[in-house]
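Take a look at the letters that make up each chain.
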Amino acid sequence: MLRRSLSRAFPLLSNGLLQTLPLPFAPSTRSLRSLSSRTSPQTVNPSPSQEEESHENLRDSSRPAVSISIDRSGLHNSAEHSHNQSSDSELVKHLKSIIKFRGGPISVAEYMEEVLTNPHSGFYINRDVFGAGGDFITSPEVSQMFGEMIGVWTMCLWEQIGQPEKVNLIELGPGRGTLMADLLRGSSKFMNFKKSLHIHMVECSPTLQKLQYSALKCVDETMNEDGSTKRTISMLSGSPVSWHSTLEQVPLGCQTIIIAHEFFDALPVHQFQKSSRGWCEKMIDVSEDSLNFRFVLSPMPTPATLLYLRKRCQWASAEEVVKLDHIEVCPKAMELTHQIAKRISSDGGGALIIDYGKNGIISDSYRLAIRKHKFVNILDNPGSADLSAYVDFASIRHSAEEVSEHISVHGPITQSQFLGYLGINLRVEALLQNCTEEQAESLRTGYWQLVGDGEAPFWEGPDDQTPIGMGNRYLAMAIVNKKQGVPVPFE
Ligand SMILES: C[S@@+](CC[C@H](N)C(=O)[O-])C[C@H]1O[C@@H](n2cnc3c(N)ncnc32)[C@H](O)[C@@H]1O
């Protein structure tokens, strides 16, 4: 029924968009690979405590000045990876030197940011971390259908904003470029849409930028006779493509569609813990022998506690806060949401955010890292494993709403609902008409991994090939300019 109402509202859908996505099925190596590889989730479930204590103080906006002194009694020691200092990686040396010269521990957020995106040796910076040979698998790497469905959403929004002749299509954190490539291939028959696209990839990793360049089949074109002006074009759509390290660098001034798939989960979080001294911040220090890292708890509230924890708790009910003895807050997600909302408010358009998370305060999701599809200690060999945290969708909603009255926020709904309403069932059926038995098996596996239900891990054991899905753990949210009404499929 919903499909019928979508079709009425969006002629592209009623014109059989899903049927006109390219056929015959050209299998992507990633969907075949997902059959033979083990995939792992990137987080663990938060476990709120039931401690009953009033935390009304967090909702008070007065901000007394504090100085940080540190309780060096470690909360946690990772003894299993003691090693000698001379074997320290560049990143470990760098982290230790920050702690040494600062004269005290660093926040979990600062640690996470350095580990993931340090420009010399961050996890994402110098290598391809995706897929069976990497550390983890994401939805676009599971099946081409994921990028194609995001393409359907993008075309519907483009139609809803009046089919502009020029639109900035921005992807935040595009990984290998697989989602964008599948989106462009899937929409290649829609000439006006294709012609309107100016693609902007926001990516901090030079290595991944190169992979994105080749995934989009890019070529460099000279624009004038002396060869001084060049531009890059994707041969998949004929669209100009440019790269930026932050969203702020993308030019303003035309309607915008932003896609952020598994981007917010990579933004650094502060972790706070309730103690007998009130809410304190979890920090990272070096051990007494200077060999390992360890967690410590600040002896009193830090500036981040007073700023960010207080701000987050003002958006929550007293009942929600009182149940928790750990809270994570991501100020970078709040800042990024402000930028997205302001851009959409001034230029028109919308943003789609898909990530694993919850529509409420996150308690303690940042507890394990992922290396080669296995959970490892967060403090073990930083830079060699992925760190990520659950996304707090309620905080995104509040952050968007607080900066602009011209935007509206929709969702979150589950990934399974999102893909289902957009017609992934029809797409898988169409693809199954025209493929080999091996491809069909891969398609079915990919489909269930994207929309199926289940708890982590996706794969029950090393030899167990039964996928348990990402359908309910991943959520989709849209932020759009109010002028455009409610976006598909959030009505
Ligand atoms: C978890 S991956 C997701 C990749 C892709 N969206 C997917 O689903 O396969 C995070 C991506 O964001 C990029 N990234 C992480 N932090 C970033 C930052 N602060 N600025 C720009 N890019 C960042 C990473 O290099 C990577 O491409």
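Bear in mind the structure is a predicted one, so any value in this text is a computation, not a measurement.

Novice: It is not clear to me how the overall build of the chain should be interpreted in this structure. Could you clarify?
Specialist: Counting secondary structure elements, the chain contains 18 helices and 18 strands. The buried share among the 491 residues of the chain stands at 48%. Partitioning the intrachain contacts of the chain with sequence separation of at least 6 by distance along the chain shows that 78% fall at a separation of at least 24.

Novice: Explain the site of the ligand to me, please; I cannot follow it from the model alone.
Specialist: Contacts to the ligand come from 18 residues, most closely from Tyr124, Thr138, Gly173, Gly175 and Cys204. Classifying every residue of the shell around the ligand by side-chain character gives nine nonpolar, six polar and three charged.

Novice: Would you take a moment to explain the confidence of the model for the chain for this structure?
Specialist: Low pLDDT marks stretches whose predicted atomic positions should not be read closely. Per-residue confidence for the chain averages 83 on the pLDDT scale, and 79% of its residues sit at or above 70. Here residues 23-82 scores under 50 on pLDDT; set against residues more than four positions off or in separate chains, the count is 142 contacts. Note that residues 456-467 has pLDDT below 50 and, in this model, 20 contacts with residues that lie over four places away or in other chains.

Novice: What's the story with the packing of helix H8 (residues 144-160) against helix H17 (residues 424-432) in this structure? I'm lost.
Specialist: The packing of two helices is summarised by the inter-axis angle and the distance between the axes. Two elements in contact, H8 and H17, have axes whose closest approach is 11 Å; the angle formed by their N-to-C orientations is 130°. Viewed along their axes, H8 and H17 adopt a mutual orientation that is oblique. In this structure, H8 crosses over H17, and the sense of that crossing is right-handed. Two secondary-structure elements touch here, H8 through Met145, Glu148 and Met149 and H17 through Ile424, Arg427 and Val428. Here the contact of H8 with H17 is built from residues that sort into four nonpolar, no polar and two charged.

Novice: When you look at unusual backbone geometry in this model, what are you seeing that I'm missing?
Specialist: In most cases, non-glycine residues show a negative phi, while peptide bonds are predominantly trans. The omega torsion across Gly411 and Pro412 is 10°, close enough to zero to call that bond cis. For Pro412, the location among the structural elements is in strand S17 (residues 407-414). A cis amide bond links Val488 with the next residue in sequence, Pro489, at an omega value of -5°. Summarising the element assignment, Pro489 is placed in the segment after strand S18 (474-481).

Novice: Mind showing me how you'd approach the packing of helix H14 (residues 331-347) against helix H15 (residues 393-403) here?
Specialist: Contact pair H14 / H15: the axes reach a minimum separation of 8 Å and the direction vectors enclose 45°. As summarised for this structure, H14 and H15 are arranged oblique, according to the angle between their axes. The two elements H14 and H15 meet at a crossing, and its hand is right-handed. Within the contact between the two elements, H14 uses Ala333, Met334, Thr337, His338, Ala341 and Lys342 and H15 uses Ser395, Ile396, Ser399, Ala400 and Val403. For the contact of H14 with H15, the class distribution of residues is six nonpolar, four polar and one charged.

Cut-offs used in this document
Residues numbered from 1 in each chain as written. Predicted model: local features only at pLDDT ≥ 70, side-chain atom pairs only at ≥ 80, totals over all residues. Helix = DSSP H or I, 4+ residues; strand = E, 2+ residues; numbered from the N terminus. Buried ≥ 20, exposed ≤ 12 C-beta atoms within 10 Å, placed from the backbone. Contact = placed C-beta atoms within 7 Å. Near = placed C-beta within 6 Å. Nonpolar A, V, L, I, M, F, W, Y, C, P; charged D, E, K, R; others polar. pLDDT = per-residue confidence, 0-100. Axes fitted to C-alpha atoms, helices over the stretch in contact; angles between N-to-C directions. Parallel < 35°, antiparallel > 145°, perpendicular 65-115°, else oblique. Left-handed = near helix turned anticlockwise from the far one by under 90°.

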